[in-house]
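# Fold and geometry: a report
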Amino acid sequence: MIVAHRKPMEEILRSLEGISRLVVCGCNSCVAVCHSGGENEVQILAAQIRIARQQSGQPVEVEELVLERNCEPEFIEMARPAVERTEAMLNVSCGVGVNQVAEAYAPYRVIPGLNTTFYGAHVGGGVFEERCGGCGDCVLDRTGGICPVIRCAKSILNGPCGGSQNGKCEISKETDCAWQLIWDRLNAQGRLARYLEIEPVKDWRPATAGGPRRLVQEVLLNDE
Amino acid sequence: MSSEPQNGQCITGSRLEKVLRAGHFAVCGEMGPPQSANTDLIRKKSAYFRGVVDAVNLTDNQTAVVRMSSIASAHIALDEGLEPVIQMTCRDRNRIALQSDLLGAHALGIRNVLCLSGDHQSMGNHPQARGVYDLDSIQLVRAARQLRDEAKFVCGEETKTPPALFIAAAANPFGDPFEARVHRLAKKIAAGADFIQTQAIYDLPRFARFMELVRAQGLHEKAFILAGVLPVKSARSLLFMKNDVAGMSIPDELIERMQGAEDPAKEGVKVAVELIQQLRAIEGVAGVHVMPAMWEQVMPEIAEAAGLLPRPEVA
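If you're wondering where the values come from, they're calculated on a predicted model, not measured in any experiment.

So, how was this worked out
- Residues numbered from 1 in each chain as written.
- Chains lettered and ligands numbered in written order.
- Predicted model: local features only at pLDDT ≥ 70, side-chain atom pairs only at ≥ 80, totals over all residues.
- Heavy atoms only, no water.
- Helix = DSSP H or I, 4+ residues; strand = E, 2+ residues; numbered from the N terminus.
- Rg over C-alpha atoms; globule rule 2.2 N^0.38 Å.
- Buried < 20%, exposed > 50% of the residue type's maximum accessible area, 1.4 Å probe, protein only.
- Contact = heavy atoms within 4.5 Å.
- Phe/Tyr/Trp six-rings, centres within 6.5 Å; stacked < 30°, edge-to-face > 60°.
- Lys NZ or Arg CZ within 6 Å of the ring centre and 35° of its normal.
- Pairing = 2+ DSSP bridges.
- Axes fitted to C-alpha atoms, helices over the stretch in contact; angles between N-to-C directions.
- Buried area = accessible area lost by both parts, 1.4 Å probe.
- Salt bridge = Lys/Arg side-chain N within 4 Å of Asp/Glu carboxyl O.
- Nonpolar A, V, L, I, M, F, W, Y, C, P; charged D, E, K, R; others polar.
- Domains from an automatic or database assignment.

### Comments concerning the overall build of chain A
Across its full length, chain A carries eleven helices and nine strands. Since a compact globule built from 224 residues should have a radius of gyration of about 17 Å, the 22 Å found for chain A marks it as more spread out than a globular shape. When the backbone C-alpha atoms are referred to their principal axes, chain A occupies close to 65 × 50 × 25 Å. In chain A, which comprises 224 residues, the proportion classed as buried is 41%. Across chain A, the fraction of contacts at a sequence separation of at least 24, relative to all contacts at a separation of at least 6, is 58%.

And the structure:
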């Protein structure tokens, strides 16, 4: 899932200065799962904004809305009545949602309420952790299902570097060394021979092609 | 792709390569460039190494702190009559810049390069920096080797004048997982490393075990292994490394010995000399890499006491 977390309240309030009719729009998808932009978070954030603005003598009318997904036109369309009644939207979906909603209702203002951070998962204890770098050329078959591109601080493809100690990374004792995990996994699979192969220089183009990366699905082209 | 270490033909014009191939026990030093554009410091430090070592490493923004570039510093050291080994990390440059610098280093008369992944940027004075890590150290070794021996860039295009560099990689016998370390060293040598400089060694039994594994694979016959020695002036430095530097193994007895010393600096020299002599006795160790961080002036004293002088003349 896409993991995001709320921006600091101070920054949110600053971005809402001068706006007197607002809709806070959440998303029932990834950001609801990571408890950053679901129904509960929309309610809480809307209340916090009302109170803060009341206290500063600049009251604001805040509507609440949650779309099933902020990244698809069918669902985005459902925001139209709220958009028409308000001056701006504080969108607490991921960055994709903010882009898509802003484009659908331009020049209406859509303001992000979250910092979109990574593709990850809940790993227990309320901790969400990054699991995929979206590099566009998956190496997980060679690394026992553990991503060195994103879980190794240096994205080393022939690790571990000299800073691995007691299973932890040199950058922090809280961070697992991805290559220790890979070594252990390959060992458990009886595939240490795989480790000896030198992973060649990576083609990073699928990760960082200039401009937005694209995927063309023929099946959808034929539909239109 | 690996080279014959003993008695093979020299390929690079590196003085260090000649010393090693002639079968001498080699001595490398190391100095850190200044956090300024002033050339005086390198010229001053160079005097401590001249005639005392076969080559001296110039670190590449070590601990991710901005310093004068390794290549520029190496050029000054060369001018001071030293044989420089440039360090090159994958942290700050992509494959275009790395290869460009290999060409430039050769053009300036530099003949040795140590390929490293580099300390992570979060450890230095610009933790906000975006790390590059386009290549890893093993891929950089292979790129430098392919450029030298096949005159080909990573992309496969050819160059008419390839950089003839004697290529080093690092090894940390004290990193984890221990069993992986010798295999990773094997990968570095298979990728094309001519010589290896290890992390600072204080834990001799563990290093001896590592070298047993190295010999079992015959790796010491495929690349020259220079054992790392880091002289310290105080127990505090050892404690710092033990607690705050990842991938170090420092025996408590050594810390106690330094704590109990009347003159810790003098004791530090003794410790370094003993380490050098014990490392020299281990089969497969082709030389030492002495890193007197912030204490370069001690280099002649250590070399003298360890019986490393005079350094051999090589044609």
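### Side note on the packing of aromatic side chains
Within the structure shown, the criterion is met by five aromatic pairs over all chains. Consider the rings of A:W179 and A:Y195, whose centres lie 6.2 Å apart with planes at 70°: the pair is edge-to-face. In this pair, A:W179 is assigned in helix 8 (residues 178-188) and A:Y195 in helix 9 (residues 192-196), connecting sequence segments 16 residues apart. You'll find A:W179 and A:Y195 in the same group, each marked buried. Through a chain of ring-to-ring contacts, three or more aromatic side chains come together here, namely A:W179, A:W183 and A:Y195. Cation over ring: B:K187 sits above A:Y195, and NZ or CZ is 4.4 Å from the ring centre.

### Section: the sheet that holds strand 2 (residues 21-27) of chain A
Within a sheet, each strand pairs with its neighbour through backbone hydrogen bonds, oriented either parallel or antiparallel. All names here are of chain A. Strand order in the open sheet formed by four strands is 3-2-4-5, with parallel pairing between adjacent strands. Unpaired on one side and paired on the other, strand 3 (61-67) and strand 5 (109-112) mark the two borders of the sheet. Averaged over all neighbouring strand pairs, the angle between strand axes comes to 25°, with direction disregarded. Bridge count between strand 2 and strand 3: seven bridges; the pairing is parallel. The residue bridging C27 from the neighbouring strand is L67, located in strand 3.

### Regarding the interface of chain B and chain A
Between chain B and chain A, the residue contacts involve 33 residues of the former and 28 residues of the latter. In total, about 2,600 Å² of surface goes out of reach between chain B and chain A, with carbon and sulfur atoms giving 53% of it. Looking only at chain B, the three residues that lose the most surface to chain A are B:Q139, B:D176 and B:K187, adding up to 23% of its buried area. Put simply, chain B and chain A have zero salt bridges between them. Elements with a minimum of two residues in the side of chain B that touches chain A: helix 5 (137-150) and helix 6 (178-191) of chain B. Among the elements that make up the side of chain B that touches chain A, the one with the highest residue count is helix 6 of chain B (eight residues). Here the side of chain B that touches chain A is built from residues that sort into 13 nonpolar, ten polar and ten charged.

### A closer look at the pairing of strand 8 (residues 285-290) of chain B
Residue and element names in this part refer to chain B. Most of strand 8 sits out of view: six of its six residues are buried. Bridge count between strand 1 (residues 26-31) and strand 8: three bridges; the pairing is parallel. Bridge assignment links V27 to a residue of strand 8, and that residue is V288. With five bridges joining them, strand 7 (residues 224-229) and strand 8 adopt parallel strand pairing. By the bridge assignment, L226 is partnered in strand 8 with G287.

### Brief notes about the domain arrangement of chain A
Along its sequence, chain A is carved into domain 1 (2-118) and domain 2 (134-198). Here domain 1 of chain A and domain 2 of chain A have C-alpha centroids that lie 38 Å from each other.

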